[in-house]
Amino acid sequence: MALLVFVTVLWAFSFSLIGEFLAGHVDSDFAVMSRVVLAGLAFLPLTRWRGVRWELKTGVTVVGALQFGITYLCLYRSFAYLSVPEVLLFTIFTPLYVTLIDDALNRRFSPMALVAAAIATLGAGIIRYDGLSEDFLTGFLLLQVANATFAAGQVGYKHLIQRFPTEIPLYRFFGYFYAGALVFALPSFLIFGNPDKLPHTALQWGILTWLGLAASGIGLFLWNRGACLVDAGTLAIMNNALVPAGLLVNLLIWNRDADLGRLLAGGAVMALSLWVNARFSRGRLALSGAAE
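On a predicted model such as this, the values are computed, not experimentally measured, just so you know.

Parameters at a glance
Residues numbered from 1 in each chain as written. Predicted model: local features only at pLDDT ≥ 70, side-chain atom pairs only at ≥ 80, totals over all residues. Heavy atoms only, no water. Helix = DSSP H or I, 4+ residues; strand = E, 2+ residues; numbered from the N terminus. Expected span 1.5 Å × (residues − 1). Buried < 20%, exposed > 50% of the residue type's maximum accessible area, 1.4 Å probe, protein only. Contact = heavy atoms within 4.5 Å. Polar contact = N/O pair within 3.5 Å; in protein donor to acceptor, adjacent residues only side chain to side chain. Phe/Tyr/Trp six-rings, centres within 6.5 Å; stacked < 30°, edge-to-face > 60°. Salt bridge = Lys/Arg side-chain N within 4 Å of Asp/Glu carboxyl O. Lys, Arg positive; Asp, Glu negative; His and termini not counted. Axes fitted to C-alpha atoms, helices over the stretch in contact; angles between N-to-C directions. Parallel < 35°, antiparallel > 145°, perpendicular 65-115°, else oblique. Left-handed = near helix turned anticlockwise from the far one by under 90°. UniProt positions renumbered as here; feature names shortened; annotations may be inferred. Patch = residues over 30% accessible without salt bridge, like charges linked within 9 Å, V, L, I, M, F, W, Y side chains within 5 Å. Areas by Shrake-Rupley, 256 points an atom, 1.4 Å probe, with all protein chains shown as cover. Nonpolar A, V, L, I, M, F, W, Y, C, P; charged D, E, K, R; others polar.

A. Structural detail: helix α3 (residues 28–43). For α3, built from 16 residues, the straight-helix expectation of 22 Å at 1.5 Å per residue is met to within 8% by its first-to-last C-alpha distance of 23 Å. The buried count for α3 comes to twelve of 16 residues, which makes it a mostly enclosed element. Ser28, Asp29, Phe30, Ala31, Val32, Met33, Ser34, Arg35, Val36, Ala39, Gly40 and Phe43 are the residues of α3 that are buried. Its buried side turned inward, α3 meets α2 (14–22), α4 (54–78), α9 (175–192) and α10 (202–227). Sitting at the amino-terminal end of α3 is Asp27, which places a side-chain oxygen 3.3 Å from the backbone nitrogen of Asp29.

In structure tokens, the structure reads:
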């Protein structure tokens, strides 16, 4: 739990840094690729190439492709259509995906999670009820892909480590995680990247370096390590701790003009969706325990 809290604080500044200094100024595909490369280089000297089960190598590579590659390519693109507070609030759906994917891997079904998702969708509509533009819908859908792949990655990593326990320290084969992310990040930059929008200031390079080494390198490893130490319910809840932390950073430090009333109303409805999901999860666990 302590690891997840630490990473939440670490990541709280990332959304604002991307939205304030990179989005619209630095090519999103290059920004993602640079983060992947920097984090990968940090783990390269630590990576063990022999003596690691092929299931772990393959599994961690797939997890990296999902949780970092696809997730961040979609996340960065969403900033072109949404404000920082909206991006943060719409990540509130991630715990629902965590619940659904964890249920799927455990061969069970949680219909109330779908009800919770519908309630959360209503909350998102309240935030932008005065104009659901095509741009807004595009940004919203991009974030849902990012939410789903981020959830799939962390739940998949947790199940992978549980299924194939090893005495090798986890950091000795986490480098494969970034190799998987590069499978998507590099082609995306080569195909869609705009060389005219590469970083051109020391500040932009500095932010990308911090995001690559700290947020993506240390952060993603510790987050996945922490995910292995808690149950799926706790993991789902911690996925949303970033929302208030990130909003606080954005609104207090950068003081963005935002309709706080609408944000609070929509956020409250979204929080209700989490309560519905959490209440059902507790009930399901209780019934499961009674059956055992």
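Still more ground to cover, so stick around.
B. Region of interest: the packing of aromatic side chains. Counted according to the given criterion, the structure contains 20 aromatic pairs. Ring centres of Phe90 and Phe140 lie 5.3 Å apart, and the angle between their planes is 85°; on these two criteria the pair is classed as edge-to-face. Taken together, the residues span a long stretch of sequence, with Phe90 in helix α5 (residues 84–90) and Phe140 in helix α8 (residues 134–163) at a distance of 50 residues. Judged on exposure class, the residue Phe90 and its partner Phe140 are both buried. Linked through ring pairs, Phe43, Phe68, Tyr72, Tyr157, Phe174, Phe177, Tyr178 and Phe221 together constitute an aromatic cluster.

C. Examining the side chain of Thr71 more closely. Within the secondary structure, Thr71 is located in helix α4. A distance of 2.7 Å separates polar atoms of two side chains, one belonging to Thr71 and the other to Thr149. Residues contacting Thr71, with those up to four places away along its chain left out, are Leu66, Ala146, Thr149 and Phe150.

D. Geometry of the pattern of salt bridges. This model, assessed by the stated rule, comprises two salt bridges. Two residues, Asp29 and Arg77, come together in a salt bridge whose shortest N-O distance is 2.9 Å. With a gap of 48 residues between them, Asp29 in helix α3 and Arg77 in helix α4 connect regions that are remote in the sequence. Overall, Asp29 belongs to the buried group, its relative accessible area being 2%. Accessibility expressed as a relative area gives 25% for Arg77, which makes it partly exposed.

E. Looking closely at the side chain of Lys158. Summarising the element assignment, Lys158 is placed in helix α8. The side chain of Lys158 sits in the buried core without any salt bridge; Asp102 is the nearest counter-charge, 6.9 Å away. Beyond its immediate chain neighbours, meaning those up to four positions away, Lys158 contacts Ala227, Cys228, Val230, Asp231 and Ala232.

F. Fine view of the packing of helix α6 (residues 94–105) against α8. Two numbers describe how α6 lies on α8: the axes approach to 8 Å, and their chain directions differ by 45°. Taken together, α6 and α8 sit at an angle that is classed as oblique. Classified by chirality, the crossing of α8 by α6 is right-handed. Of the residues in α8, those touching α6 at Thr94, Tyr97, Val98, Ile101, Asp102 and Leu105 are Gln144, Asn147, Ala148, Phe150, Ala151, Ala152, Gln154, Val155 and His159.

G. Representation of the UniProt feature "transmembrane region" (unreviewed entry) in the chain in the model. Mapped onto this numbering, the UniProt entry annotates "transmembrane region" (unreviewed entry) at residues 79–100, 112–129, 141–161, 173–193, 205–223, 235–254 and 260–278. Segment residues 79–100 splits into 64% helix and 0% strand. End C-alpha atoms: 26 Å apart. Helix makes up 100% of residues 141–161 and strand 0%, whereas the separation of the span's terminal C-alpha atoms amounts to 30 Å.

H. How the structure looks around the environment of Val276. By the secondary structure assignment, Val276 is in helix α13 (residues 260–291). You can call Val276 buried: its relative accessible area is 13%.

I. Fine view of a nonpolar patch on the surface. Among the surface-exposed residues, Val37, Leu41, Leu44, Trp49, Leu182, Leu186, Leu190, Ile191 and Phe192 lie close enough to one another that they form a single nonpolar patch of about 910 Å² accessible area. Mapped onto the secondary structure, Leu190 falls in helix α9. A relative accessible area of 62% places Leu190 in the exposed class.

J. View of the packing of α2 against α10. Packing of α2 against α10 leaves a shortest axis separation of 11 Å and a crossing angle of 155°. Judged on the interaxial angle alone, α10 and α2 are roughly antiparallel. With respect to the hand of their crossing, α2 and α10 are arranged in left-handed fashion. In contact with Ser14, Leu17, Ile18, Phe21 and Leu22 of α2, α10 contributes Leu203, Gln204, Ile207, Leu208, Trp210, Leu211 and Ala215. For the contact of α2 with α10, the residue count by class is ten nonpolar, two polar and no charged.

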